[in-house]
Every structure is written in structure tokens, then in C-alpha cells.
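Summary of the model geometry
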Amino acid sequence: MQPNLVIVESPAKAKTIEKFLGKDYKVMSSFGHIRDLSKKDFGVDIAHNFQPIYEITPDKTKLVHELKANAQKAGMVWLASDEDREGEAIAWHLYDVLGLEKNQTKRIVFHEITKEAILSAIKHPRDIDANLVNAQQARRVLDRIVGFELSPVLWRKIKPSLSAGRVQSVAVRLIVEKEREIERFKAEASYKVVVSFLLNHTDGGQSTIKADLTHRLATKEEALAFLESCRNATFKIEDIVTKPSKKTPAPPFTTSTLQQEASRKLGFSVSQTMMIAQRLYESGKITYMRTDSVNLSSLAINTSKAEIESIAGTNYIKIRHYQTKTKGAQEAHEAIRPTYMNVPKIDGTAQEKRLYELIWKRTIASQMADAEFEKTSVVISMSGTKDKLEATGEVLTFDGFLKVYLESNDDEPEAEENSKMLPSISLNDTLKLESASATERFTQRPPRYTEASLVRKLEELGIGRPSTYAPTISTIQQRGYVVKEDREGQARIYSCIKLEKNQLDEQTLTETIGTEKAKLFPTDIGIVVNDFLLDSFPDILDFNFTASVEKQFDQIAEGDVEWENVISEFYKTFHPSVEQASAWSKQKVGERILGNDPKTGRVVSARIGRFGPVVQIGVADDEEKPLFASLLKSQRLETITLDEALDLFKLPRTAGEYEDKTVTIGIGRFGPYIRHDSKFISIPKTFDPMEISLESCIELIENKRQVEKNKIIKTFDAEGIQILNGRYGPYFTKDGNNYRIPKAVAPDTLTPEACLKLVQEQGEKPSKKASRKGAGTSKTALTKAAAAKKAATSKKASTTKKATAAKKAPAKKAAAVKTAKPTSSSKKKA
């Protein structure tokens, strides 16, 4: 009999914990949730107080048997899943499914995987927190209701296979509204004046001071007039103000701030950051990574203090006790930090090392002294006008925490010179004009969201929680509502007027604006879905409503409200709005009438088609069938014009002939292409499919041939083996299956015998060709079996229904509740 069984949710976590416990403990992993809401049906029993209907996922059936067998053999079962709501729910599902009893079950939690933390948790076990479980259930049930009831409406009104989610839809709304804000933005020009002066010193030396006019000039005429007035003006130091300033370090990382900073400093996506942080946590290198707390334990503060003293000195130490400002902070009780503060670097992958170093620096910096500066502001007067010029300088007098770390930000300010040190000056000093310039500058449009800035916005609005940010942003991209991409900027002409050596010179210069890197853009389908949901279900997409739902989940977690009541109140208003939206006209939404085709007089429109945005000539009721054309990737439903739409119907077009075969230009589901000799070649973004020449087409055709030629390294026809260059390196195929080539082996030296040996070493796979031949028979057999099973099930269900019709409804309700929630009795057990 095994004395103790510890169950965690991750195999990596299990491996780390096992090192700290003795031979009396066996550690197993549940690999996440062992059961979830049923996928066959709605998964929620609306009629019985919204009770969830759970089922063990097919891939966990064998694992559940193994866990149950080991639990029966163990004297004590320790449920050690994460300490957030999701982890609490995993523990409860294990308790329920494995049939555990109170006297043989204990719940333990820890926010770092160290020997001390694990042993302390075992000394201080607790019961399963039913309130946390119910908060997790409430989120799953509400999101299932929203998704399952909204999605069919989208299928009917817009396009099949679409889906909607509560938090995801709000995130898409933010991105759509930002895009429209940018489209409405009109840049306003003004002139920034910078004047350079020479200051003579008593020792005969000279120094330069640059000062800015304290306000912008609205027109070129004003700029010319000001520079003209500088020719004969005298300039004098009117005022000097010097004052100290401080910069305070940022608090330790929470989940959202880690995601933001890793995006800005390391270029990681939000999901990538969480994946790497999960590995660091499970290997015992950092504390729990899903938290909205900025608090540090006394142990972490004391070890940070010792580390700062060793690397910088005692004058760099300033102990800070941060308080969590987020109401309802519930994911964990400490910020994200290294488990051992005296370890600045770790072994691991390059990404793990970089993220760990970022976390270590941020934590250390949070307990360091302020950085101290001396700021100087000089006001310069000008004869003949009330206008003032100002020069500023900043000197770092004590680096403090900047010795280790400086937080980045998402703002996109106009590029300016770095803070500089001013020369020694005195009041009433006279300055000599060296040069002056008036440069045309423009107001900046609002910046688009990055993943990091979207997380920050969601957090500001109180939407979502630490565990939901990464999946939310990943989901809206996977569904095709949003894309993250780089986009090239556009050239803009601006004017620069210079006064130098008493001569005015005007130049017209060019700059590139609007260059985007890893920014979030809404797609046409995302915009159409957002507009429809906002029009039909304004409450679901209301920021305050979504934030209030999160607060209600927090109240459930605190035990202040019953989760069924929260769902019931929501459903009373939500379900009627779904029925109302479904009853509206069958006409598709998101359609935009562009005008009429001048040749036929038929209506030209733009809308969402089966495979994406299309333009259409004609309607279904016309005698002649409608014509369709896909939009180019650079075009959008909201902005495409009638002329641009009609141009799309010029495709496919014939570019000419090559090798006695026609070269055709067209546009399909995946963008513009060239068709030649029954082969398709994608047209790069650098070419316009409307204008690409035959010569360019031939070049692209030959380039693809060369790539395909280089792809094949060797072919052994008799053995059915082909050695190829692949995306991830060389490999070979046999009977339709792929096999790896070891790095130490040069692919061009392989023989048929060597390939067959590698097949045996890697395990021979069944021939795909053979399996395809039997596919039709198997499919038919499966279809017949399924039909027979369905008929038998239907018959059985009918018989059972008659036999149980006399049973009382309360008993049925009790059965549903028993399997769906941690009732008071199960709470006592746990």
C-alpha cells in the first residue's frame, strides 16, 4: 500500500515536486482538467437551475482509471493543483470523479515550488474551497451559454462556422473602435521652432545651447515671420530654475505587467510569455505566474536586501511594501518573482533565461533606492516680442534602481533628443544666434494596440482576470477576427525652413509615417461580427457590463452570492435578446451597396462570403446568376470603392503565353496567383495583380521551379524513397510517411539501405496509400454501424423514457444537481 499519493495538474510540476518528497510519496499528474462540460449537447441544464453537465474527456479515460486505482491503494491523497480558481476546480473534479473521502483527502496549495514551500503546505493542508469552485463553474457556464446561443445567430446572419465569446467579443470591439478612430483622424500641421545659440565664456571658450519656442506656430507664414524677426533680435537669459527630481521603481510583476513588459523588451507574444513562465514555475525557478498581487513575502524582501547590498551597496537599498490596488485580487497572494533572489541567472533555453532575468531584475529593482536627477530649466527672452524660448537639461546625480532596471512603455512619442546637460550659465547672459529652424510637424494619430497594450486596456476596464488575458488574445486571432502583423509606412512630405548665416532657406523633405510592427488589426469578418453583436446585443459588448460580471465572479469566490442566481439574472435578459435577433429578417448583415455596374446596370455590393470578403454583381433574384470576386488583402469592405470593386472582375486575365501555354492572373481564396501549365504560383505583395507583366510572371514561375528542384535531394524509385529539403530541415519519405534524418548524417550521402535502417529505428508506419484504399469501405462500415447504434439508442431511450415517466421531477433535479456542483454535503466531505 502506497502511504501518500500527490496529484498535480502538470507532469513537469510532478517531476519537480517528486524531488522534494521522500519514498513515501508518489506524485502523479492529471494533465489539466479530467472532465469538462459536455460537448455533445449544450452542456448546461437550463431547466434545473443551470447545472453543468460534465463528462470525462475521452483522452482522459485511461488516466482516470490509473488515478483511481492509485488513490484506492493510498492511505492519503494530496490534491496539489494550482491555488487559483481553475486549480481549485481541478482539485474538486478529482475529488468527485475519483470518489475520494474526507478522511483520506487533503488539499494543499503553494505559490512556489521549493522544498520549503512543499513541506510547509503538507503541514498546513486545508479543505477544497467550494466558493472558488463555484466561481470557476459560473464563468464556464456563462461563457458556454453566450457561445452556444450567440454562435448559431452569427451562422444565420453572417457566415457559417463563426463563434462569439463574452470577453473575446469585447476585446475585438476595442480593436475595431481603435481602427475607426484612426480612420477618422485628420493630422493637423504646425511648425516647431528650435533655436541654437552660442554662449561665450570668460575663459575664451564657447558652448552651444538649443532652445525651443514655448508654443507651436500654426502656419508657414507665421514660421517665416518669426525666423525673419530672429535676424536682428537680441537674446538674453531671463530665468534659471534648478530643482531635484526622483524616479521610483515599478512594483514587482503581476501577470498582466509581465505580459506587457515581455512584449516590449523581449518581443514575446502574450501566450508565449505565459508558456515560458509556466515552465519556469513548474521547474521551481519562479513563483506562481497567474497573479494580480504586487506583494512580496518577508523572505523575498530580506533576500533581495542582501543581494542588493552585495552588488551595489547599502545606500542602494530601500525596502518597499507594495499593496495590490486591483479590487478582488484573487489569483495568488504574492507577485511573480524568482524563488531564490540570490540566483540572477539560470540554466535553460534562451527564452527561459531572458524571461527569468527580466523577472529577477524587476524584483530586485523594486527594493532599490529612487534614481535622483537634477533638472534645469532656462527661459530665454527675445527683443521685440513677448515670445519665450526654453532650454531644459537633466543630470543623473544618483542612479539608484536604474543600475539594474528601467521599465518600458507603449507610448509612441514624437522622437526628441535625449535629456542633456546644460553648460554653465548665469542670469542676464547674452546669447549669440547661431541658427534657427522651423520644421513642419503633425499631430500623431492614436497608436494601434499591441498585445501588451491590449492587456493593459483590458485590465484598466476590469475585463478578464490574469488567467484569461492570454487565451482571449489568442482566441480572437485564431478565429480570424483580428490579425497581428507588420505593415509598411507611407511617405509624407513636410517643410523645413532654416535661418543660418543670416540666410533663410526652405526645403521640402520626405519622411515615412505609419510603419507598424506586431500591431493588432481587425479583419473584415471581425468588423462585421462586432457591428452585428453591438447592434443586437449591446449589453454583451458593454465594457461596464463585462467588468461587472467579473466583479460578480469575485463575489461568488468570496461566498457573498450564489452562482446560480448570478447566471439566472443574466439569462433573463440575454435569452430574449437572442430570440429577438433570430426572428429578424433573413437578410445577411454586413452588406454594403457600392453602386451599379455601368455595363449591365446590376447592383454592385460588398459583403462577407463563404471564404471571406467578396464583391458581387447582381442579386440572387436576377435572371442571370450573380458574379463574385474576392477582395485583395490590402482592401477592406468598409473602404472599397465601386471602381476598385469593378477592377476585381477584370480577373482572371491573360498575361500572355510562356512555353506555348497560357499564363493567367487570378485571385482566389488565399490571394492573387499565376496559373501556368496547371500549376499555381502565389503573387507576392510587392506586385499588383492588375498590372503585373508577363516578364515578372515568368520570373516567378522559374523561381518556383528552382525551389521545387532544390527540394528534392535524392530519389530511390525502386524502394519508393525520396530525400527532401523541408521547412525544418532535410527528411525522407517512404510509402507516404515522413522520417527524420539525424543531424550528424549528410542527406546526400544516404543510401536506400541506410534509409530503411532509419525506418526500422524510428518505427515503421502503416502505408498511407494502403490505408486510403480501404478508406471507402471503412467509412461505409462506420456509417452503417453509427446508424445501427443510433437506432438502438433511440429505441432504448424510448423504452427508458416510458419506464421513468412516473418518476418525480424533484428526484430528477436532485440527480442533476448531485453530479454538477459541489453541494453542501460534498463541501463537508472535502
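Right, let's walk through the structure included here.

1. What about the sheet that holds strand β29 (residues 729-734)?
The strand order β27-β28-β29-β30 describes an open sheet built from four strands, whose pairing is antiparallel. The open sheet is flanked by β27 (712-716) and β30 (737-740), the only strands paired with a single partner. Taken over all neighbouring pairs, the strand axes of this sheet differ in orientation by 25 degrees on average, direction set aside. As judged from the six bridges shared by strand β28 (residues 721-726) and β29, these two strands associate in the antiparallel manner. Paired with Gly726 across the two strands is Gly729, which belongs to β29. Lying on the sheet, helix α18 (residues 694-711) is in contact with β27, β28 and β29; it crosses β27 at an angle near 50 degrees. The sheet strands contacting helix α19 (residues 752-762) are β27, β28, β29 and β30, and the helix crosses β29 at an angle near 90 degrees.

2. A few points about the pattern of salt bridges
The tally for this structure, following the rule as stated, stands at 44 salt bridges. For Arg636, the salt bridge identified is with Glu183, shortest N-O distance 2.2 Å. Residue Arg636 is found in the loop between β22 (627-630) and α17 (642-648), and its partner Glu183 is found in helix α6 (residues 166-184); the two are separated by 453 residues along the sequence. Note that Arg602 is salt-bridged to Glu624, the shortest N-O span being 3.8 Å. Remark: Glu624 occurs in the loop between β21 (612-617) and β22 and Arg602 occurs in the loop between β19 (592-596) and β20 (603-609); sequence separation between them is 22 residues.

3. A look at the nonpolar core
Phe110 and Leu355 are the most contacted members of the largest nonpolar core, which has 133 residues in total. The element that contributes the greatest number of residues to this core is helix α5 (residues 130-157), accounting for ten residues. Contact partners of Leu355, with chain neighbours within four places excluded, come to Leu258, Ala262, Leu266, Phe268, Thr273, Ile276, Ala277 and Leu280. Within the second largest apolar cluster, 28 residues are counted, among which are Leu227, Cys230, Ile380 and Leu389.

4. Concerning the packing of α6 against helix α14 (residues 524-536)
Packed helix pairs are specified by the crossing angle of their axes together with the interaxial distance, meaning the distance between the axes. Put simply, α6 and α14 touch, their axes get as near as 10 Å, and they point 110 degrees apart. Taken together, the axes of α6 and α14 lie roughly perpendicular to each other. Handedness of the crossing formed by α6 with α14: left-handed. Contact with α6, carried on its side by Ser169, Val172, Arg173, Val176 and Arg180, involves Gly526, Ile527, Asn530, Asp531, Leu533 and Leu534 of α14 and no other residues of that element. For the contact of α6 with α14, the per-class residue count stands at five nonpolar, three polar and three charged.

5. Let's talk about a nonpolar patch on the surface
A cluster of nonpolar side chains, Ile593, Val603 and Val619, forms an exposed patch at the surface whose accessible area comes to about 230 Å². The topology assignment puts Ile593 in strand β19. Ile593 gets classed as exposed once you look at its relative accessible area, which sits at 57%.

6. Looking at helix α2 (residues 61-73)
Taking 1.5 Å of rise per residue, the 13 residues of α2 would be expected to cover 18 Å, and the 19 Å separating its terminal C-alpha atoms lies within 8% of that figure. For α2, the elements touching its buried residues are β1 (4-8), β2 (25-29), β6 (54-56), β7 (76-79) and α3 (85-97).

7. Describing the sheet that holds β19
Spatially, the four strands line up as an open sheet ordered β19-β20-β21-β22, and their pairing is antiparallel. Since the sheet does not close on itself, it has two edges, and those belong to β19 and β22, each with one partner. In this sheet, adjacent strand axes meet at a mean angle of 25 degrees when their direction is disregarded. With four bridges joining them, β21 and β22 adopt antiparallel strand pairing. Across the sheet, the residue bridging to Val615 is Ala629, located in β22.

Definitions and cut-offs
Position labels on residues start from 1 in each chain and follow its written sequence. The predicted nature of this model means local features are confined to residues of pLDDT at least 70 and side-chain atom pairs, given and counted, to a pLDDT of 80 or more, with totals for whole chains, interfaces and linings taken over all residues. With hydrogens and water set aside, each side-chain value is computed from the structure's full complement of heavy atoms. Here, a strand pair is defined by DSSP locating no fewer than two bridges between the strands. For the purposes of this entry, the term helix denotes a DSSP run of H or I that reaches at least four residues, the term strand denotes a run of E that reaches at least two, and both are numbered from the N terminus. Here an angle of 0 to 180 degrees is reported between the N-to-C directions of two axes, which are lines fitted to C-alpha atoms, with helices fitted over the stretch in contact. Should any heavy atoms of two residues lie within 4.5 Å, those residues are counted as being in contact. One side-chain nitrogen of Lys or Arg within 4 Å of one carboxyl oxygen of Asp or Glu is enough to make a salt bridge. Buried Ala, Val, Leu, Ile, Met, Phe, Trp, Tyr and Cys residues form a nonpolar core when they are joined through side-chain atoms within 4.5 Å. When accessible area is computed with a 1.4 Å probe and restricted to protein chains, residues below 20% of their type maximum are described as buried, those above 50% as exposed, and intermediate ones as partly exposed. Orientation labels follow simple angle bins: below 35 degrees gives roughly parallel, above 145 gives roughly antiparallel, 65 to 115 gives roughly perpendicular, and whatever is left gives oblique. Left-handed describes a crossing whose near helix is turned anticlockwise from the far helix by less than a right angle; the clockwise case is right-handed. Charged means Asp, Glu, Lys or Arg here, nonpolar means Ala, Val, Leu, Ile, Met, Phe, Trp, Tyr, Cys or Pro, and polar covers whatever is left, Gly included. The patch calculation keeps residues exceeding 30% relative accessible area without a salt bridge and links them within 9 Å when they carry like charges or within 5 Å when they are nonpolar (Val, Leu, Ile, Met, Phe, Trp, Tyr). In these tables, accessible area is a Shrake-Rupley quantity obtained with a 1.4 Å probe, and a residue counts as shielded only by the protein chains included in the view. Multiplying 1.5 Å by the residue count of a helix minus one yields the expected span of that helix.

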